[in-house]
Amino acid sequence: MFYSFFHKLLGERGLKAVERLMGLLLVMISTQMFLDGIKSYMES
């Protein structure tokens, strides 16, 4: 939806960097949620 705007703003390399950063952030959040679920399961 906003691809053309961000492409003009960041360029191709900037977009790839942002995609990788967002992917890493998503993995970090999912890992934390998984560990919280394991901790909650072990406590009960």
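Everything here concerns the structure above.
Here's what I pulled together on the structure shown here.

The rules behind these values
- Residues numbered from 1 in each chain as written.
- Predicted model: local features only at pLDDT ≥ 70, side-chain atom pairs only at ≥ 80, totals over all residues.
- Heavy atoms only, no water.
- Helix = DSSP H or I, 4+ residues; strand = E, 2+ residues; numbered from the N terminus.
- Buried < 20%, exposed > 50% of the residue type's maximum accessible area, 1.4 Å probe, protein only.
- Areas by Shrake-Rupley, 256 points an atom, 1.4 Å probe, with all protein chains shown as cover.
- Lys, Arg positive; Asp, Glu negative; His and termini not counted.
- Charge placed at Lys NZ, Arg CZ, Asp CG, Glu CD.
- Expected span 1.5 Å × (residues − 1).
- Bend = angle between axes of the 7 residues up to and from the residue.
- Phe/Tyr/Trp six-rings, centres within 6.5 Å; stacked < 30°, edge-to-face > 60°.
- Contact = heavy atoms within 4.5 Å.

1. Quick look at the overall build of the protein
Inference 1: When helices and strands are counted, the protein shows one helix and zero strands.
Inference 2: With respect to the three principal axes, the spread of C-alpha positions in the protein is 50 × 20 × 10 Å.
Inference 3: When the 44 residues of the protein are sorted by exposure, 5% land in the buried category.
Inference 4: Roughly 4500 Å² of accessible area belongs to the protein as shown, and the carbon and sulfur atoms make up 70% of that amount.
Inference 5: Here the protein contributes 5 positive and 4 negative side-chain charges, whose respective centroids are spaced 13 Å apart.

2. A look at helix α1 (residues 3-43)
Along an α-helix, residues three or four apart share an orientation, since each turn contains 3.6 residues.
Inference 1: Between its first and last C-alpha, α1 extends only 45 Å over 41 residues, short of the 60 Å set by a 1.5 Å rise per residue.
Inference 2: At glycine 11, α1 shows its largest bend, some 105°.

3. Here we look at the packing of aromatic side chains
For any two aromatic rings, the description comes down to two numbers: the centre-to-centre distance and the angle of the planes.
Inference 1: Scanning the model with the defined rule gives one aromatic pair in all.
Inference 2: Judged by centre distance (5.3 Å) and plane angle (70°), the ring pair of phenylalanine 5 and phenylalanine 6 falls under edge-to-face.
Inference 3: According to the relative accessible area criterion, phenylalanine 6 is partly exposed, its value standing at 36%.

4. Quick word on the environment of leucine 10
Inference 1: Take leucine 10: it is sitting in helix α1.
Inference 2: Among residues more than four places away in sequence, those in contact with leucine 10 are Leu15 and Val18.

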